[in-house]
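These are the residues of each chain, in order.
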Amino acid sequence: MSDIERADEAHGQASTTLAKPEGGVPDRFENPGLPEHRHRMGDTDPAAARRAERQVAFFLVLSMIGTIGIIVSLIGIKYDDSFERISLSTKAIGLSMFVSLFALGVGAVHWAKTLMPDDERIDYRHRQRGTTAERDEAVSILKEGAAEAGLGRRPLIRNTLIGSLALFPIPAVFFFRDTGPLPGDDLSTTMWKADTYLVKDPEGGRIRAADVSIGSVVHVLPEGIEEVDEVLNEKAKSAVLLMRLDASLLTQKSAEWGVDGTVAYSKICTHMGCPVALYEQQTHHLLCPCHQSTFDLTQDCKVIFGPAKRALPQLPIAVDDEGYLMATDGFNEAVGPSFWERG
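Owing to the predicted nature of the structure, the values given are computational and were not obtained by experimental measurement.

Procedures and definitions
- Residues numbered from 1 in each chain as written.
- Predicted model: local features only at pLDDT ≥ 70, side-chain atom pairs only at ≥ 80, totals over all residues.
- Heavy atoms only, no water.
- Patch = residues over 30% accessible without salt bridge, like charges linked within 9 Å, V, L, I, M, F, W, Y side chains within 5 Å.
- Areas by Shrake-Rupley, 256 points an atom, 1.4 Å probe, with all protein chains shown as cover.
- Salt bridge = Lys/Arg side-chain N within 4 Å of Asp/Glu carboxyl O.
- Helix = DSSP H or I, 4+ residues; strand = E, 2+ residues; numbered from the N terminus.
- Buried < 20%, exposed > 50% of the residue type's maximum accessible area, 1.4 Å probe, protein only.
- Pairing = 2+ DSSP bridges.
- Axes fitted to C-alpha atoms, helices over the stretch in contact; angles between N-to-C directions.
- Parallel < 35°, antiparallel > 145°, perpendicular 65-115°, else oblique.
- Left-handed = near helix turned anticlockwise from the far one by under 90°.
- Contact = heavy atoms within 4.5 Å.
- Nonpolar A, V, L, I, M, F, W, Y, C, P; charged D, E, K, R; others polar.

> What's the story with a nonpolar patch on the surface in this structure? I'm lost.
Side chains of Met97, Leu101, Phe168 and Phe175 sit close together on the surface and give an oily, nonpolar patch of about 320 Å² of accessible area. Here Leu101 lies in helix α4 (residues 83-114). On the basis of relative accessible area, Leu101 is assigned to the partly exposed category, the value being 44%.

> When you look at the pairing of strand β3 (residues 240-244) in this model, what are you seeing that I'm missing?
Two faces belong to every sheet, and in a regular strand the side chains alternate between them. Taking burial as the measure, the five residues of β3 include four buried ones, the bulk of the element. Note: β3 against strand β4 (residues 262-266), five bridges, orientation antiparallel. Counterpart to Leu242 in the pairing with β4 is Ala264.

> Help me out: how do you make sense of the sheet that holds β4 in this one?
The pairing of strands in a sheet comes from backbone hydrogen bonds and takes either a parallel or an antiparallel form. Ordered by their spatial adjacency, five strands build an open sheet running β1-β2-β3-β4-β9, and the pairing between neighbours is antiparallel. The sheet is open, and its two borders are formed by β1 (198-200) and β9 (314-315), each paired with just one other strand. Pairing analysis gives three bridges linking β1 to strand β2 (residues 217-222), with the strands arranged antiparallel. Bridging from a neighbouring strand, Leu198 pairs with Pro222 of β2.

> Just to check I follow, could you spell out the sheet that holds strand β7 (residues 294-296) for this structure?
Taken in spatial order, the four strands make up an open sheet running β5-β6-β7-β8, and their pairing is antiparallel. Edge positions in the open sheet fall to β5 (278-280) and β8 (302-305), since each of these has one partner strand only. Along the sheet, successive strands turn relative to each other by an average axial angle of 35°, direction set aside. In this sheet, β8 lies alongside β7 in antiparallel orientation, the contact comprising three bridges. Paired with Phe295 across the strands is Val303, a residue of β8.

> Would you mind going over the packing of helix α3 (residues 46-76) against helix α6 (residues 155-167) with me for this structure?
When two helices pack together, their arrangement is given by the angle between their axes and by how far apart the axes lie. Their axes nearest at 9 Å, the elements α3 and α6 cross at an angle of 20°. Between α3 and α6, the interaxial angle falls into the category roughly parallel. α6 is crossed by α3, and the crossing has left-handed handedness. Taken together, the residues of α6 that come into contact with α3 (itself represented by Glu53, Val56, Ala57, Leu60, Val61, Ser63, Met64, Thr67 and Ile68) are Leu156, Ile157, Thr160, Leu161, Gly163, Ser164 and Leu167. When its residues are assigned to classes, the contact of α3 with α6 shows 10 nonpolar, five polar and one charged.

> Teacher, can you tell me more about the side chain of Ser63 here?
Residue position: Ser63 is located in helix α3. Judged by its relative accessible area of 0%, Ser63 is buried. Leave out the neighbours within four places in its chain, and Ser63 touches Val99, Ser100, Ala103, Leu104 and Ser164.

Put into structure tokens, the structure is as follows:
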């Protein structure tokens, strides 16, 4: 009796072909059976099995060498602000990572193809929840699979596999290290402070309060920003939008922090940090073009649409004796995207 017939009998199914209805197709087709099983060399030749075991171990050791190569590339190749060094480091890390992953994968596949059992088995469809006997059988199959993997009987593969898997996560430590020092409060502070003048972006020059007309919008940076060490980083935090509208439309807080209806708000969206550079004069809304977060100037730049979770921080401003706009203090909250410390 074939495997199919035995399985049919176990499931209460006859293995005979039913009669074909007139002009139709049979309810069941004749069982085609399975081709004769072809044994692999490792199944019948112990020498071939040992050779396959050494080949698997070779690839796992090669994976360990690749992982070590990643670490050596990260530590040994120092940057000197030249493109050649950056290119060399990138290529060395990439090649080592390829060797590590490729060899690990080849070793695992070769192990499965040459040493693990490859008997053909049949499993008929059945109810989603099996009987107690079927569930016990599933547990025994899992245990049998663990035994068939041969880790207990093949210490060479077991030890090299443990070594390759133990080494593989180590380069992640160096990747995280290369992200630089912890930011401290850099993400939450800007160069805005009391008596810092507002200047136009990008042309420069201080801004007179009288020159800001109702409905206008001016892109603003703090005076002296070109003198800091990290100009681009500071611009990414300190960019401000200056707008003027009817003072009666503003809340008490916005009006007190502004000058005759002129208010200044952070230009950096509190969702993903995109520039909020679109101003709707009629609705008094600021829009982020990236993900359509919308902020209402008449409600302290509260979010009224989109994925942003916080209002845009307001910069308190005043006018000096010559009529120029300047900040009276820095932002009273962090600018830019929200994260785990900002809610």
